[in-house]
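This is what each chain is made of:
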Amino acid sequence: MMNLRINLVNQSTGILPNVPCLSMGSKRNKQRQRVSASSATQMLTTLEKEYKKKSGSPNEYPHSHHKDINTERKSKRKLSDVWREVQGSNNWEGLLEPMDRLLRSELIKYGELAQACYDAFDFDPYSKYCGSSKYNRRTMLQDLGLSLSGYKITKYLYATSNINLPNFFKKSRAGEKLWSNHANWMGFVAVAEDEQEIKRLGRRDIVIAWRGTVTRLEWLADLMDFLKPAGFHSEHPDPRVKVESGFLNLYTACEKNCRFAKSSAQEQIHAEVRRLIEMYKGEKLSITITGHSLGSALAMLSAYDIAEMGVNEKENENEKIPITVFSFAGPRVGNSAFKERLEQLGVKILRVVNAHDRVPKVPGVLFNEHFQLLRDWIDKLPWSYSHVGVELELDHTKSPFLRPTSDPSCFHNLEAHLHLLDGYHGQQERFRLASGRDPALVNKAADFLEDHFHIPPFWRQDHNKGMVRNAEGRWVQPQRIKSHLV
């Protein structure tokens with residue numbers, strides 16, 4: 001019966017091709033092959049109904065994955081009823097194979113907030129605001145088309161650029177009149193504000209989104225590749241818990257003479273999260289941290305820091321706010337003791353990776369979680385790393401929208417990961433888009449789509465590169481008020 005839909009009628013043209021199976025051998029029956037497309041369609045519909053009655057499966061064909069009772073129940077669930085499960089309370093058991101629709105939707109949402117950090121960042125070395133956000137934090141989400149997200153940004157995050165990560169930080173060539181000589185914008189803290197979104201979520205969600213690297217992978221060479229004690233504990237830090245030294249420096253360093261980086265990213269996070277917890281005390285809260293690439297490393301580091309330092313504890317209440325990390329294309333961050341401590345603290349981490357991306361394979365190419373021989377001895381090495389959390393592995397070769405390429409930046413691209421998430425239904429399921437998310441977004445900052453879609457590569461550009469005509473008719477860069485940068 002399944003071949004009937006394929007063979008009887010060409011669905012795109014409505015034309016009935018030659019169908020040998022309808023021929024009975026007589027001249028009269030051969031003449032009857034010339035039935036109209038509408039008649040064939042009617043015949044097909046009748047046959048489909050008969051098949052569905054016999055199979056007891058109203059929506060599926062034999063080659064498809066049959067719906068069972070659990071699947072039907074899941075399709076009717078509301079996020080507000082199962083948000084803890086979607087946030088990883090059970091380590092996403094039963095939600096990845098097949099892919100749960102609520103989890104997919106939330107993953108894409110948090111991925112888009114991480115993508116917003118890229119879209120807002122000023123990469124232009126000829127701009128005196130290079131290294132800052134192009135948008136006022138009060139209107140950033142609206143300016144980027146995310147006004148319906150239900151969140152508002154409450155704080156911008158900065159880090160000092162005076163550390164040894166030259167391929168990550170962006171500095172302007174515009175001379176002395178710069179917005180800052182020592183800082184780079186790193187992301188933001190936001191909170192669910194819209195009442196309908198809070199109702200949908202089942203709680204008020206605090207989000208921390210970290211900026212990573214867009215397409216260039218030179219920052220991998222900046223990794224010092226040796227582990228260093230994290231030192232995060234109010235009284236007795238565990239010296240066995242170690243993280244990559246470059247990530248740690250980026251998170252904890254400050255520049256006392258800089259308005260934006262006079263406190264470290266760590267201190268900025270502590271102050272803002274505590275402020276929001278106090279503001280919304282008595283409410284059901286969650287903390288969700290997201291990031292891509294190097295931003296993923298900062299997401300994991302900040303999640304560990306918040307939990308270890310007790311920032312997520314409600315004052316005068318014996319309750320800890322759950323912490324979840326949704327990581328995209330992230331590298332390894334720490335050693336096996338770091339992994340074990342995160343698990344003890346109850347931090348839930350879901351890592352979304354592309355099987356062909358090399359960034360999640362570093363650092364620790366030789367000694368990592370897969371190397372089990374002489375485990376105790378290997379853990380003492382200063383370059384033995386371990387991934388944390390649960391991994392969701394995607395494969396870009398399964399998408400019919402993406403062209404074959406050897407460009408590693410395409411494999412690493414965040415928009416490509418979100419596209420793959422939208423089409424992922426399980427390891428053995430065919431790729432099909434679930435939400436209708438526009439595949440054109442993949443080429444926003446890449447050249448990855450098949451040519452026949454006619455989507456130009458790297459199509460997202462600022463109008464006139466941000467230049468405007470002033471009252472005298474001259475083209476200039478508009479001034480950004482410094483108060484808008486905080």
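To keep things clear, this report deals only with the structure shown in the data block.

Cut-offs applied
- Residues numbered from 1 in each chain as written.
- Predicted model: local features only at pLDDT ≥ 70, side-chain atom pairs only at ≥ 80, totals over all residues.
- Heavy atoms only, no water.
- Pairing = 2+ DSSP bridges.
- Helix = DSSP H or I, 4+ residues; strand = E, 2+ residues; numbered from the N terminus.
- Axes fitted to C-alpha atoms, helices over the stretch in contact; angles between N-to-C directions.
- Buried < 20%, exposed > 50% of the residue type's maximum accessible area, 1.4 Å probe, protein only.
- Salt bridge = Lys/Arg side-chain N within 4 Å of Asp/Glu carboxyl O.

1. Comments concerning the sheet that holds strand E6 (residues 285-292)
Taken in spatial order, the seven strands make up an open sheet running E1-E2-E3-E6-E7-E8-E9, and their pairing is mixed. With partners counted over all chains shown, the strands left at the sheet margins are strand E1 (151-160) and strand E9 (390-394), one partner each. On average, adjacent strands in this sheet sit at an angle of 20° to one another, irrespective of strand direction.

2. Concerning the pairing of strand E3 (residues 204-210)
For E3, the tally of buried residues reaches seven of seven residues, placing the bulk of the element in the interior. Burial along E3 is two-sided: Arg-204, Ile-206, Ile-208 and Trp-210 facing one way and Asp-205, Val-207 and Ala-209 facing the other are all buried. For strand E2 (residues 183-192) and E3, the ladder comprises five bridges, and the chain directions are antiparallel. Within E3, the position partnered with Gly-187 by the bridge is Trp-210. Across seven bridges, the pairing between E3 and E6 is parallel. Bridge pairing in E6 links Asp-205 to Ser-286.

3. A few points about the pattern of salt bridges
Counted by the stated rule, this structure contains 24 salt bridges. Between Asp-462 and Lys-134 there is a salt bridge whose closest N-O contact spans 3.0 Å. Of this pair, Asp-462 sits in the loop between helix H15 (414-423) and strand E10 (468-469) while Lys-134 sits in the loop between helix H6 (101-120) and helix H7 (140-143), placing them 328 residues apart in sequence. Linking Lys-314 and Glu-319 is a salt bridge whose minimum nitrogen-to-oxygen distance equals 3.8 Å. Lys-314 sits in the buried class, given a relative accessible area of 7%. Glu-319 sits in the partly exposed class, given a relative accessible area of 34%. One connected set of salt bridges, linked through shared partners, spans Glu-112, Asp-119, Glu-415, Arg-437 and Lys-444.

Note that every value here comes from positions in space, so none of it alone points to a role or purpose.
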